[in-house]
Amino acid sequence: MEFKIRAYRFNPEIDEKPYYKEYTVEDYPGMTVLNALIKVKSEIDGTLSFRRSCRSAICGSCAMKINGISKLACKTQVGPEIEKFGIINVEPLANMPVIRDLIVDQESFFDKIKEIKPYLLGQREDDARDNFHALKEGEKISQPVYYKYEFQNLTGNNDTPNCILCECCYSECGGVVGNPKYLGPAALAKLYRYCEDPRDNDKNGSRLVNGSKPDGMWDCVHCQSCEEFCPKGISPVKSIVKLHERTIKNSITFSAGAKHVVSIAKSIGETGRLDEIKVAFDSGGISGLINDLPMAFGAGLKGKIPPLRLKLIKDMDDIRLAYKELDLEEK
Amino acid sequence: MITYAYYPGCVAQESGKELDNATKFIADKLGINLIPMPEASCCGGGVIDGFDKNLKLFINGRTLALAEKDGLDIMTICNTCTLTLSEVNEELINNPESLEKTNEYLAKIGLKYSGKVKVKHILYAVRDDIGFDKLKEKAVKSLKGINIAPFYGCHILRPSSAVKFDDPENPQGFEELIKALGGEPVSYGRRTKCCGFQTILVNEATSTSLAGNAIFEAQEKNADVMVTPCPLCHLSLDTYQTVAAKSINKKLSLPILHLPQLIGIALGGDYAEMGFSRHNVSLRGIMAKVRQNEI
Amino acid sequence: MLKHDVVIVGAGLAGLRAAVELRKQGIDAIIVSKVYPTRSHSGAAQGGVNAAFDENDSWESHFFDTVKGSDYLGDQDAIEILTSEAPANILDLQKMGVVFNRNDKGGIAQRPFGGQSFPRSCYYADAVGHMMLHGLFDNVLKYKTKILYEYFVTSLVTDNGKVSGVVAYDIKNGKFEGIAAKAVLFATGGYGQVYSSNTNALINTGDGMAVSIKAGVPLMDMEFVQFHPTTLKSTGILVTEGARGEGAYLLNSLGVRFMSKYAPKAMELAPRDVVARAEQTEINEGRGVDGAILLDVRHLGKERIMERLPQIMQLSIDFEGVNPIYEPIPIRPGAHYSMGGIKTDYNGRTAIEGYYSAGESACVSVHGANRLGGNSLLDTVVFGRRAGIDIAEYLKTADERKFDESIVKRDEEAFEKLKKSSGKERHGLLKSELQEEMRADVGVFREENAMKKALEKIIELKERAKNIGIDDKSKTFNTDIVEAFEFNNILLIAEVITRGAILRKESRGAHYRTDFPERDDEKWLKHTLATLDGKENIKFDFSEVAITKFKPQPRTY
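Computed from a predicted model, the values in this text were never measured in an experiment.

Q: Any details on the overall build of chain A? Residues and values, ideally.
A: Of the regular secondary structure elements, chain A holds 13 helices and 7 strands. For 331 residues, the compact-globule estimate of 2.2 N^0.38 gives 20 Å, and chain A exceeds it by more than 25% at 25 Å. When the backbone C-alpha atoms are referred to their principal axes, chain A occupies close to 80 × 70 × 40 Å. Classification of the 331 residues of chain A by burial places 57% in the buried group. When contacts within chain A are restricted to residue pairs at least 6 apart in sequence, those whose partners lie at least 24 apart make up 61%. Each charge class in chain A was averaged separately, 47 positive and 48 negative side chains, and the resulting centres sit 1 Å apart.

Below is the structure:
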């Protein structure tokens, strides 16, 4: 059966602007989009350019937008895509500048990975006990002890160390679209991975402090796209929320994002409901409120501003008990 | 008559009150019996697990248990409430440890949860439990000649491990609704993208640019109106539309409907009944068009 | 032109390990890689990395297992180093941040592997290569290492018998760059793309080996190609030996665990060459299922599969349409590893002063005629580290040397000439022809006439390659021309392999000849060394195997 591939083409050397080129390919059972691209390149048009290597979803080279969604080409079967969309559209990943055709410039992505310091902090380099020791005859070596539970958040199937840096999450991320300087899901998931590592010796919680600064963990819009489209089943957004939790529990609450969450928790703890005005004030402060005055005024004229004191929910004590049980009451 | 436990969420009860009113209006017309849940708390605003993950389980487990006590499913009218309740539901059903921990708390307040409740967003409750055909029968006004841009937003589509109403890659539920009501769905890329609401108080400029660009794209595709199933998205898209226009430096003027208002108009709701005076961008133009489309 | 003290070509495990060793001493070492480092094929290794930790195990046992596994062709002095340094290297990796699964005593979890007499393969689910690669890469970032990625090295430059640098093609910008250095390490991986049906990445085209032999450095034992027994039928994607380590069965069409016929003691965990031949025999004799054998893990149960073998479960579902929890996986042998490579000593040194190699591209030889599973990951870090240490030492007394810039020009002109070509042949199709021929005639079972046919094909393809047409005339990220150049490399490697296989008239390890089915220690207990005589002819020489502790015995499992 024949099908069409519609590929984004752009070579800044010779093209004024991008265009799309269609190719017709014969499929076979189990054919992947990468198989199809290689076929086109090998038999029809050698100028079609894309990255690829392992073809088994472990190297992360072949990520691209297939029918509008960022996926690994080597893992995407042609059959279901044709069934759903009638054609295979291939385009370069979003949120990164295009070098040529389906190849994007990944420097900004990798810079953000580097920025979160993706290596164990606070390691003693000079500890004599750690000297390298080749075994002599009859010798055995002893190893440091780390129990299963210490690594339990790093050794599951869908855990953050499985990240292959394919950039699918980054390409789908709503936060990066709005704020190009936002660290993004992969970098933050890696930050979480190192925060969870029992060997990481991050005194003063510098990881969480730095991660709370502007363009860090609080710039996540919770759009859930990273979790939905990660080809390795990782959920960066859940890792980011765990970072939020850890940050707040460590009283690192200087950021507007942290204040926002704490305010909502407080509001629910007192009324069982979300007090929009109070939360807006706590998160943005006076300057935020002043900034939004025109919008708020307009909304006020239309009757949109909620009352200053909300009615409590029925059986509010139930909620108070929950806070008490979890030791979350305000001290 | 179909009965649900009604969970409107916090914003729909206050700044988004027009949504709550419109929902009750169409429930009445469609024979949906909405049982109020005065004890139900806020779901946590989509961020409560960033404060404490067990708190999210407890307060939402309680909401689920309250519905289960009356043998009801929950109907929601907000994306984030839908996702939160669905996520907690999935966890309680699949993770025995979480269920045990939650039931320990619930026991202290005379409740228990056994995983029987389904959480349904009104769009999909209408699609699945009533049927768009039945809706079509009951319509008294057609939306013919009106280009309607559906804005799904994020939380009724993703993650599909929690919310399973529609295909996250190519959802069609909204388009089917619009077509059933005689309207013309507008096809545009940002229909499943984020409105930015979660960071509106953290980084207003970048957050509103997301809503702004979605509106702009729909405008470019000749949309007359945009519809959203979430009051949080509605705040971003409508209440903050002027701010959004400034942050992307483009002219924006697209009226934004809540989903129940779209259905409400088709079922004969007028300007006052739909609460349109509370909107930032005027609905007068749309209502004028609809007035001519008596079925 | 760039100038650094050390250039490391290849950013897989061996290259990155050497880089960490050099950079933590602040040495001016840069990495040059054809792809972004984390894309390197080391990341695809799944099952485990061997080291003797358990109190009931010993490195000496690992030593013997490896010597026997190599069918006595491995150099025992090097293997002694490999196995005695193994535990320290693994702990070193752990200290650098690599995560391993834990056993109940709090130590690193280990599983049984082929040809090992004790469960000593340290694992991380079934993605240990990925974990090690990313762990080492994070450390390379920690020591702020300059990385030139998407640079394709075309030549080694020497000055009077000493290395003086490399020539590299900047793929993104289409420019040639000379990089002068006092020491060069090639950690460029294997040549799996010589064969159709292989587990290797598309980038594994033996570039480093091709460049080396052209620079006058001998390649050793190239005829020894490892065929991994369990690769997915449709795609050749690897299914780890770790599955068999966890207890998987191999079944033929009659539902029989046929390994009892070929390796009654070790069964499914016999060394890879034994298992691959067993499978191929079953298939050839009509007991295959659609040309494949069945790998059955159903009896392991859902929980164990999801905890210990999640990646291969996902691979089976995604690429073969089979869920191993409910159905057996169809597999067959596929080209997997290059035992041979650039000849080095056990510090990574080659015949050219200052020029080193480590990892799969090198041949020390620790794997001899057959590599045991779990030993390659070990090989990369043990000898990557040793090469790094030796280079650091060498730099202390290394003198200045001249970088011959005319080589840059020469390579540039060759590329431009190739780019202009508009012949009828398409290199992608020529590659497929070569690969299929190699699989058929220089594969698991070899024979004189079949191999001679392969040689004829190679010679024919060399001729036809002169008539290749290049579609892409651009400078910007021209993958068409890079692939054409890679094709020339695999053609050269294929010839070296085939000629070596024809020459060696015995069967040993992975090299099995139906016309010479016995091992012949008297005539053939020696390494083959291939060199290029002038530009075209491949010449063979031999070198001794270092036999220090274990006298060659008959090899049965």
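Q: Describe helix α3 (residues 107-115) of chain A, and please don't skip the residues or the numbers.
A: Residues and elements named next belong to chain A. For α3, the full list of buried residues reads Phe109, Phe110, Lys112 and Ile113. Buried residues of α3 fall within an arc of 155° about the axis and therefore sit on the same side. The inward-facing, buried residues of α3 abut α4 (168-172) and α6 (185-195). Count one or two residues on from α3 and you reach Lys117, which has phi positive near 60°.

Q: Can you explain the packing of helix α13 (residues 316-325) of chain A against helix α3 (residues 53-69) of chain B? Please cite residues and give values.
A: Helix-helix packing is characterised by the crossing angle of the two axes and by the distance between the axes. Relative orientation of the contacting elements α13 of chain A and α3 of chain B amounts to 155°, with a least axis distance of 10 Å. Comparing the axis directions of α13 of chain A and α3 of chain B gives the class roughly antiparallel. As for how α13 of chain A packs across α3 of chain B, the hand of that crossing is right-handed. For the pair formed by α13 of chain A and α3 of chain B, the contact residues are Asp318, Ile319, Ala322, Tyr323 and Glu325 of chain A on the first element and Leu55, Phe58, Ile59 and Arg62 of chain B on the second.

Q: How would you sum up the sheet that holds strand β4 (residues 49-50) of chain C? Please name residues and give values.
A: Residue and element names in this part refer to chain C. Read across the sheet, 3 strands follow the order β4-β6-β5 without closing on themselves; strand pairing throughout is antiparallel. Lying at the two open borders of the sheet, with one neighbouring strand each, are β4 and β5 (110-111). Alignment of β4 against strand β6 (residues 121-122), held across 2 bridges, turns out to be antiparallel. Bridge pairing in β6 links Asn50 to Ser121.

Q: Can you explain unusual backbone geometry? Please cite residues and give values.
A: For the bond from Arg158 of chain B to Pro159 of chain B, the omega torsion is -5°, close enough to zero to count as cis. With respect to the helices and strands, Pro159 of chain B occurs in the loop between β5 (147-150) and α8 (173-180). At the junction of Val364 of chain C and Ser365 of chain C, the peptide bond is cis and its omega measures out at 5° in the coordinates. Within the secondary structure, Ser365 of chain C is located in the loop between β19 (362-363) and α12 (375-397). Despite not being glycine, Arg55 of chain A shows a phi value in the positive range, around 50°. Overall, Arg55 of chain A belongs to the buried group, its relative accessible area being 17%.

Q: Would you mind going over the sheet that holds strand β4 (residues 119-121) of chain B in detail, with residue names and values included?
A: All names here are of chain B. Pairing is parallel in the open sheet, where 4 strands are placed in the order β2-β1-β3-β4. Edge positions in the sheet fall to β2 (32-36) and β4, since each of these pairs with one other strand and no more. For this sheet, the mean inter-axis angle between neighbouring strands, taken without regard to orientation, is 40°. With 3 bridges connecting them, strand β1 (residues 2-7) and strand β3 (residues 74-76) associate as parallel partners. Counterpart to Tyr6 in the pairing with β3 is Met75. The sheet strands contacting α3 are β1, β3 and β4, and the helix crosses β3 at an angle near 125°. Taken strand by strand, helix α4 (residues 79-94) contacts β1, β3 and β4, and its axis lies near 160° from that of β4.

Q: Could you give an account of the domain arrangement of chain A, with specific residues and numbers?
A: As far as domains go, chain A holds domain 1 (2-104), domain 2 (107-126 + 143-249) and domain 3 (256-325). On a C-alpha basis, the centres of domain 2 of chain A and domain 3 of chain A stand 30 Å from each other.

Q: How would you sum up the confidence of the model for chain B? Please name residues and give values.
A: On average, residues of chain B score 96 in pLDDT, and 100% of them reach the 70 mark or higher. Predicted as a complex, the structure gets a pTM of 0.95 and an ipTM equal to 0.95.

Q: Help me get a handle on the interface of chain B and chain A, residues and values and all.
A: If you look at the interface, chain B gives 64 residues, while chain A gives 63 residues. Both faces considered, chain B and chain A share a buried interface measuring about 5300 Å² in area, 60% of it formed by carbon and sulfur atoms. By the criterion of area lost to chain A, the three top residues of chain B are Phe51, Glu169 and Leu201 of chain B, representing 14% of everything that side buries. Summed over the shared surface of chain B and chain A, the number is 11 salt bridges. Note that Lys108 of chain B is salt-bridged to Glu325 of chain A, the shortest N-O span being 2.7 Å. The interface formed by chain B and chain A holds 25 residue pairs in polar contact (both at pLDDT 80 or more) in total. Breaking the side of chain B that touches chain A down by element, the ones donating at least two residues are α1 (10-13), α3, α4, α5 (96-108), α9 (204-220) and α10 (231-239) of chain B. Class assignment of the residues belonging to the side of chain B that touches chain A gives a composition of 25 nonpolar, 24 polar and 15 charged.

What counts and what doesn't
Residues numbered from 1 in each chain as written. Chains lettered and ligands numbered in written order. Predicted model: local features only at pLDDT ≥ 70, side-chain atom pairs only at ≥ 80, totals over all residues. Heavy atoms only, no water. Helix = DSSP H or I, 4+ residues; strand = E, 2+ residues; numbered from the N terminus. Rg over C-alpha atoms; globule rule 2.2 N^0.38 Å. Buried < 20%, exposed > 50% of the residue type's maximum accessible area, 1.4 Å probe, protein only. Contact = heavy atoms within 4.5 Å. Lys, Arg positive; Asp, Glu negative; His and termini not counted. Charge placed at Lys NZ, Arg CZ, Asp CG, Glu CD. Arc of directions from axis to C-beta. Axes fitted to C-alpha atoms, helices over the stretch in contact; angles between N-to-C directions. Parallel < 35°, antiparallel > 145°, perpendicular 65-115°, else oblique. Left-handed = near helix turned anticlockwise from the far one by under 90°. Pairing = 2+ DSSP bridges. Domains from an automatic or database assignment. pLDDT = per-residue confidence, 0-100. Buried area = accessible area lost by both parts, 1.4 Å probe. Salt bridge = Lys/Arg side-chain N within 4 Å of Asp/Glu carboxyl O. Polar contact = N/O pair within 3.5 Å; in protein donor to acceptor, adjacent residues only side chain to side chain. Nonpolar A, V, L, I, M, F, W, Y, C, P; charged D, E, K, R; others polar.

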